[in-house]
Amino acid sequence: MKHRAPLTLAAVTAALAALAALASLTAPAAEGKAADGKTAAAVRMPVERSLLVCPAPSSSDIADTAYTAFTPAAPGGAKTQGTARLLGATAEAKPVLEPKEPGKPFGATASGADAPALNGTADGALAPGWTVQQTTKASVGRARGLLGAGCTAPGTDFWFPAVSTAKGREDYVHLTNPDDAAAVVDIRLFGPDGALKTDAGAGENIRIDPRSSASVLLSSLAPATQLADATAHVTTRAGRVGASVQVAEDGVGADWLPAAADPTGSPVLPGIPADAASVRLVVFAPGDQDADLALRLAGPGGAISPAGNEQVHVKAGMTASVDLGDLTRGEPGSLLLTPVDAKKAAPVVAALRVVRGAGTKQELGFVPAAGPVGARATAADNRPDENATVLSLTAPAADAKVRVTASPGTGGGEAASQEVALKAGTTQKVTLAPTGGKGPYALTVETLSGGPVHAARTLSLPHDGIAMFTVQTLSDDRSTVSVPRARQDLSVLTR
């Protein structure tokens, strides 16, 4: 057998780069066997590059959009270099926003229907935990409302429960391709009787050109079927995309419906506004097993079962919906779904359609199921106006403690921080703003101890008597990745 020389440290670094392109590649110390004979564990390293995409914000000529970008400061206040930029999703686009340093939010604005979808990259010190929020306000028209979207990393698989193909609703799936090769996308729809029959080829092999975006009207895929509640499944055959659904509903307003968390047996839907006039739950079971789920509302004092809606049955491959009315009754809450039989925990995806106000003053928003905040998560573009920003924190299963930090505003101020203790099965409201802050600021949640915590931020910007609002869930910012320590002799990698 031909002898192979051990790899150099540079080659090890290159191999790790191929395996984890977003990982920080500052090579850790060699692993192998430590002096005491024990195997050293992998280390967590900061990511060195982050990629986000933002959908085209609005079709309204009078819409105003604010972009806010933020990266949490490095532990210990270390000063290191980094770059970040958001630019239109075309090869020749000019930068819209270029943040300069961690720990400080940076903002930009755009107006009208010509504001494009955006691609964004952050490198070095600006990459770990980089967060971008897109907030659009349209005061009149069918798309009127406050539309909020957290820009997302591109992916290959997205679930959107709570979409609709009914008359009076326009649901567009926005697809953005950040890469230099074309992406090919499929969209499938599922209603209460299973998969919808679409026109021949509709929803299949949708080509998204390199560094471009497109939108697809869901009702055009199955024009003969009108469903108030459905689930859309977006997957890629080639490449990757950012995917979000923009919803406009006659007389009720508009907002973004983000993708729900991956299928799980116990979804958590955090941050239902305290004054919600109507809450509707939409659940889909993607596997081959029916799901029987118990419903509980986690409020400040604990978790209770909604009277008359204690359980929901979801058939495999089908969408189920439940009207929960004014579920929260004056207190912010979160909906917890758990298997009725722990031995039969069929995975589901879920989202809530939430309406505030009444009559001609209604406003629409969505709360998708969300994963835990993990080590750290951030929501950008919070406003210092009184009652504009409410952070909801939920501990579904075990007591927990978190730290919440409000960054300085884009116009100045000093960061503020507080620790919050959460009892299992409760939701707590936090209103925190920077001291003397001016302009939008970021809220960062860090888990200190205990069980998983789920969070959502509600932004309220009333207009002409309408309680315009949008809810964004917070998810783990994945600012670090696990990098295995290299063995002193890595020749095995070449065999």
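Note that the structure is a prediction, hence the values are computed from the model and not measured. (Residues numbered from 1 in each chain as written. Predicted model: local features only at pLDDT ≥ 70, side-chain atom pairs only at ≥ 80, totals over all residues. Heavy atoms only, no water.)

### Examining the sheet that holds strand β4 (residues 82-88)
Sheet strands associate in pairs through backbone hydrogen bonding, adopting either a parallel or an antiparallel arrangement.
Step number 1: Spatial strand order, β2-β7-β4-β5: 4 strands in an open sheet with antiparallel pairing. Edge positions in the open sheet fall to β2 (49-54) and β5 (95-97), since each of these has one partner strand only. Neighbour-to-neighbour, the strand axes of the sheet open up by a mean angle of 30 degrees, direction not taken into account.
Step number 2: Where β4 meets β5, 2 bridges bridge the pair, whose relative direction is antiparallel. (Pairing = 2+ DSSP bridges. Helix = DSSP H or I, 4+ residues; strand = E, 2+ residues; numbered from the N terminus. Axes fitted to C-alpha atoms, helices over the stretch in contact; angles between N-to-C directions.)

### Some details on the layout of surface pockets
Empty space among the atoms becomes apparent when a probe as large as a water molecule is rolled across them.
Step number 1: Estimated volume of the largest pocket: approximately 1,600 Å³.
Step number 2: Together, 50 residues line the largest pocket, and Thr-152, Ala-153, Ser-475, Asp-476 and Arg-478 are the ones closest to its centre.
Step number 3: Within the residue set of the lining of the largest pocket, elements represented by two or more residues are β2, β8 (131-138), β9 (145-150), β10 (157-163), β17 (242-249), β18 (253-257), β28 (376-382) and β35 (469-474).
Step number 4: For the lining of the largest pocket, the element with the most residues is β2, which contributes 4 residues. (1 Å grid on protein atoms, 1.4 Å probe; cavity = no way out; pocket = protein on both sides within 12 Å on 5 of 7 lines; lining within 4 Å. Points joined across faces, edges and corners; volume = space filled by probe spheres on them.)

### Concerning the sheet that holds β9
Step number 1: Read from one edge to the other, the open sheet built from 4 strands follows the order β6-β3-β8-β9, with strand pairing classed as antiparallel. In this open sheet, the two edge strands, each paired with only one partner strand, are β6 (106-111) and β9. Across this sheet, the average inter-strand angle for adjacent strands is 15 degrees, counted without regard to direction.
Step number 2: By the bridge criterion, 7 bridges tie strand β3 (residues 64-70) to β8 in an arrangement that is antiparallel. Each residue of the ladder has a partner; that of Asp-64, found in β8, is Lys-137.

### Quick notes on the state of the cysteines
Two cysteines form a disulfide when their sulfur atoms are joined by a covalent bond.
Step number 1: Under the definition given, this model contains 1 disulfide.
Step number 2: In this model Cys-54 forms its disulfide with Cys-151; the gap between the sulfur atoms is 2.0 Å. Looking along the S-S bond of the Cys-54-Cys-151 disulfide, the torsion reads about 110 degrees, which is the right-handed sense. Of this pair, Cys-54 sits in strand β2 while Cys-151 sits in the loop between β9 and β10, and the two are 97 residues apart along the sequence. (Disulfide = S-S within 2.5 Å.)

### As for empty space enclosed by the protein
Step number 1: Summed over the entire model, instances satisfying the criterion amount to 2 cavities of 30 Å³ or more.
Step number 2: Estimates place the volume of the largest cavity at around 50 Å³.
Step number 3: Lining the largest cavity are Val-53, Cys-54, Pro-55, Gly-150, Cys-151, Thr-152, His-174, Thr-176, Gly-242, Ala-243 and Ser-244.
Step number 4: For the lining of the largest cavity, the secondary structure elements donating two or more residues are β2, β11 (169-177) and β17.
Step number 5: For the lining of the largest cavity, the leading source of residues is β17, giving 3 residues.

### Notes on the pairing of strand β27 (residues 363-368)
Step number 1: Burial analysis of β27 places 6 of its 6 residues in the buried class, which makes it a mostly covered element.
Step number 2: The alternating pattern of β27 places Glu-363, Gly-365 and Val-367 on one face and Leu-364, Phe-366 and Pro-368 on the opposite face, and all of these are buried.
Step number 3: Here strand β26 (residues 349-356) pairs with β27 via 6 bridges, running antiparallel. When the bridges of β27 are listed, Arg-356 appears paired with Glu-363.
Step number 4: Linking β26 to β27, which pair antiparallel, is a turn of 6 residues; within it Gly-357 sits at a positive phi near 85 degrees. (Buried < 20%, exposed > 50% of the residue type's maximum accessible area, 1.4 Å probe, protein only.)

### Focus: the pairing of β26
Step number 1: Summarising burial for β26: 8 of the 8 residues are buried, a large majority.
Step number 2: As paired strands, strand β20 (residues 278-284) and β26 are joined by 7 bridges and run antiparallel to one another. Across the sheet, Phe-284 pairs through a bridge with Val-349, a residue of β26.

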